[in-house]
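Listed here are the chains, written in short residue letters.
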Amino acid sequence: MASHDLVIIGGGPAGYAAALYGASAGLDVGLVEKNKLGGTCLNVGCIPAKELLETAHVRRTIMHAAEFGLNVDEPTIDMTVAQERKQGIVDKLVGGLASMLKGRKVTVYDGVGTLGADRTVTVTGADGEATELTGTHVALASGSVPRTIPGFDFDGDKVWSSDHMLSLDHVPGRVAIIGGGAIGCEFASMLVDLGTEVTLLEAMPRILALTDEDVSKAVSRAFSKRGIDVKAGVAVTGHEPHDGGTTVHFGDDDSVDVDFVCVSVGRRPYSDELGLDGTNVVTTERGFVEVDEYCQTAEPGVYALGDLIDTGQLAHVAFAEAILAVKHMLGENPLPIDHSRVPWGIYCNPEVAFAGLSEQAAKDAGYDIIVSKHRYAANGRAMIVGDTEGLVKVVAEKKPDGTGGVILGVHMVGPWVTEQLGQGYLSVNWEATVDEAAQFIQPHPTMSEVFGETVLSLTGRSLH
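(A) Highlighting the overall build of the protein. When helices and strands are tallied, the protein shows 13 helices and 22 strands. Whereas a compact globule of 464 residues would reach a radius of gyration of roughly 23 Å, the protein reaches 24 Å, a difference of no more than 12%. C-alpha atoms of the protein, sized along the principal axes, occupy 65 × 65 × 45 Å. Across the 464 residues in the protein, those meeting the buried criterion constitute 49%. Within the protein, contacts between residues at least 6 apart in sequence are counted, and of these 63% link residues at least 24 apart. Distance between charge centres in the protein, computed from 34 positive and 63 negative side chains, equals 6 Å.

As structure tokens, this is what we get:
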């Protein structure tokens, strides 16, 4: 039986971050992974999805090249090359991760890890051989898998998951996407830019329902302009497969005939194989592991991280949870994560990025607020790159004089906003006031000037 200071089940962002951070703090770490290091994010999530979105972006740019005086033929797509490029990036990142783990002397065990009593982890390899590990601390980080809905079992033919979509080997003619959240909107954006006819079906009254309403409306308008058939507030009732595709039924009596349907209704925690016999670890009806503000379970010395717990399913949040947990193991009294202020990025076109409270959430929390919005349509850099869709919205407390006080939320939709959120995220998390943030000097011409102008106007004065 091998013994470690920390044993981790799962080699995705939460697991490998805990391993790297723990090892850098001097812990002897054992990491158990049954598939590929890097988990969903590196292999079938963040990285491959954004690479294919970039392929779609390049095609979109070429399609609009004539606006810049460059006359080119309509591009053709070789998905084999696109997939090879995607896989090359994935393989390089996974290889780099393996090298880092080796460099920090993390012991990697191949197999399925199950937790039993007394922080004992049993690793069962592909050959059926079992190895027992014990840890002073154990971190559960087994990640998540795609959810589906009744009547839409994944088969990779008529019904696709996000995993299937990331292995796309051709440009389909027509696709229905069920789910208008982050994943569904990214796929819809990617496919329409590749030349596919897309129908986006969402049960909630609007797509991107967790974002600020102005952001959601801006994306919906932009999608419609680009030819995506957005249908919100509709329930999907089933589908009828046929030669060459399937017919998806939704609403009262509507349907759409497509090559296949992609179900993008989120991901569920993958707690199926964790064991947990003889422990006090508690899972909810939805499969999440219950933890406290330090990611501790009810079992002494056992933590749970990432998609396995009911927090934002974001790789960077998993990183933060891993650091938090390791610091807590070491008795460093870390500050818990405020999940209402973490940064979010959605990589459709137009991009979405936000941190903090939406306008409605701030009102619901009882704040007296003031809101400012500025659009990219008047921004010089946005005009230069030919991408002026979207806006920046800042939500702040209202001072007695009617101007803005503490910044509560920053919401962006438009070109490159996932790269622009930094100063908005810092403003929200440092509880900066409008007057403080307005003193930042924005370089010209840049997209970031829209944030500067939005904050400046909340002081009661503005330039443009």
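Continuing now.
(B) Fine view of the packing of helix α3 (residues 46–63) against helix α4 (residues 79–103). Two elements in contact, α3 and α4, have axes separated by 9 Å at closest approach and are oriented at 145°. The interaxial crossing formed by α3 with α4 has right-handed handedness. Contacts between α3 and α4 involve Ile47, Pro48, Glu51, Leu52 and Thr55 from the former and Ala82, Gln83, Arg85, Lys86, Ile89, Val90 and Leu93 from the latter. Among the residues making up the contact of α3 with α4, the classes are represented as 7 nonpolar, 2 polar and 3 charged.

(C) Here's a closer look at the environment of Asp214. Relative to the helices and strands, Asp214 is located in helix α7 (residues 213–225). The class for Asp214 is buried, based on a relative accessible area of 19%. Taking the C-alpha atoms as reference points, Asp214 and Val413, 199 residues apart in sequence, are found 9.0 Å from one another. What Asp214 contacts, discounting residues up to four positions off in sequence, is Glu359, Lys373 and Lys393.

(D) Fine view of the pattern of salt bridges. For the structure on display, the rule yields 20 salt bridges. When the shortest N-O distance is used, the salt bridge between Arg85 and Glu51 registers 2.7 Å. Remark: Glu51 occurs in helix α3 and Arg85 occurs in helix α4; sequence separation between them is 34 residues. Residue Lys373 is joined to Asp214 by a salt bridge in which the shortest nitrogen-to-oxygen separation is 3.2 Å. With Lys373 in strand β20 (residues 369–375) and Asp214 in helix α7, the pair connects residues that are 159 residues apart, well separated along the chain. The network of salt bridges with common partners includes Asp212, Asp214, Glu359, Lys363, Lys373 and Lys393.

(E) A look at the sheet that holds strand β19 (residues 351–356). Taken in spatial order, the 5 strands line up as β18-β19-β22-β21-β20 in an open sheet, and their pairing is antiparallel. The open sheet is flanked by β18 (344–346) and β20, the only strands paired with a single partner. Geometrically, the sheet is characterised by an average inter-axis angle of 15° between neighbouring strands, direction not taken into account. Note: β20 against strand β21 (residues 391–398), 7 bridges, orientation antiparallel.

(F) Structural view of the sheet that holds strand β14 (residues 254–258). Strand order in the open sheet formed by 3 strands is β12-β13-β14, and the pairing between neighbours is antiparallel. Single-partner strands in this sheet number two, and they are β12 (236–242) and β14. Within this sheet the neighbouring strands show an average axis-to-axis angle of 20°, counted without direction.

(G) Structural view of the nonpolar core. Core analysis: the largest hydrophobic core is formed by 51 residues, its most contacted members being Ile8, Leu115, Val121 and Leu140. If near-sequence neighbours (up to four positions away) are discounted, Leu115 is found in contact with Ile9, Thr120, Val121, Val138, Leu140, Leu274, Gly275, Leu276, Asp277, Thr279, Val281 and Val302. Ranked by size, the runner-up nonpolar core spans 37 residues in total, among them Leu53, Met79, Cys185 and Phe354.

(H) Here's a closer look at the packing of aromatic side chains. Counted under the stated rule, the structure contains 3 aromatic pairs. Ring plane angle 50° and centroid distance 5.9 Å describe the contact between Tyr16 and Phe319, whose orientation is recorded as tilted. Residue Tyr16 is found in helix α1 (residues 13–24), and its partner Phe319 is found in helix α8 (residues 315–329); the two are separated by 303 residues along the sequence. You can call Tyr16 buried: its relative accessible area is 11%. Judged by centre distance (5.7 Å) and plane angle (5°), the ring pair of Trp344 and Phe354 falls under stacked. Note that Trp344 is positioned in strand β18 and Phe354 in strand β19, a separation of 10 residues in sequence. For Phe354, a relative accessible area of 10% puts it in the buried group.

(I) Spotlight on the pairing of β14. By the bridge criterion, 5 bridges tie strand β13 (residues 245–250) to β14 in an arrangement that is antiparallel. For His249, the partnering residue across the bridge sits in β14 and is Ser255. The turn joining β13 and β14, which pair antiparallel and follow one another in sequence, is formed by 3 residues; a positive phi near 65° is taken by Gly251.

(J) The arrangement of the pairing of strand β10 (residues 197–202) in detail. Burial of β10 is extensive: 5 of the 6 residues sit out of reach of the surface. Sheet topology note: the strand β9 (residues 174–178)/β10 ladder contains 5 bridges and is parallel. Pairing of Arg174 across the sheet is with Glu197, part of β10. On the question of chirality, the crossover connecting β9 to the parallel β10 by way of helix α6 (residues 182–194) is right-handed. Of the crossover connections in this fold, the one passing from β10 over α7 to the parallel strand β11 (residues 229–232) is right-handed.

(K) Spatial organisation of the packing of α1 against α8. In the contact formed by α1 and α8, the axes pass within 8 Å of each other and the chain directions differ by 40°. Classified by the angle between their axes, α1 and α8 sit oblique to one another. The chirality of how α1 crosses α8 is right-handed. From α1, Pro13, Ala14, Tyr16, Ala17, Ala18, Tyr21 and Gly22 reach across to α8, where they touch Ala315, Ala318, Phe319, Ala322, Ile323, Val326 and Lys327.

How each quantity is defined
Residues numbered from 1 in each chain as written. Predicted model: local features only at pLDDT ≥ 70, side-chain atom pairs only at ≥ 80, totals over all residues. Heavy atoms only, no water. Helix = DSSP H or I, 4+ residues; strand = E, 2+ residues; numbered from the N terminus. Rg over C-alpha atoms; globule rule 2.2 N^0.38 Å. Buried < 20%, exposed > 50% of the residue type's maximum accessible area, 1.4 Å probe, protein only. Contact = heavy atoms within 4.5 Å. Lys, Arg positive; Asp, Glu negative; His and termini not counted. Charge placed at Lys NZ, Arg CZ, Asp CG, Glu CD. Axes fitted to C-alpha atoms, helices over the stretch in contact; angles between N-to-C directions. Left-handed = near helix turned anticlockwise from the far one by under 90°. Nonpolar A, V, L, I, M, F, W, Y, C, P; charged D, E, K, R; others polar. Salt bridge = Lys/Arg side-chain N within 4 Å of Asp/Glu carboxyl O. Pairing = 2+ DSSP bridges. Core = buried A, V, L, I, M, F, W, Y, C linked by side-chain atoms within 4.5 Å. Phe/Tyr/Trp six-rings, centres within 6.5 Å; stacked < 30°, edge-to-face > 60°. Right-handed = clockwise from strand over helix to strand, strands pointing away. Parallel < 35°, antiparallel > 145°, perpendicular 65-115°, else oblique.

Structural measurements only, silent on function.
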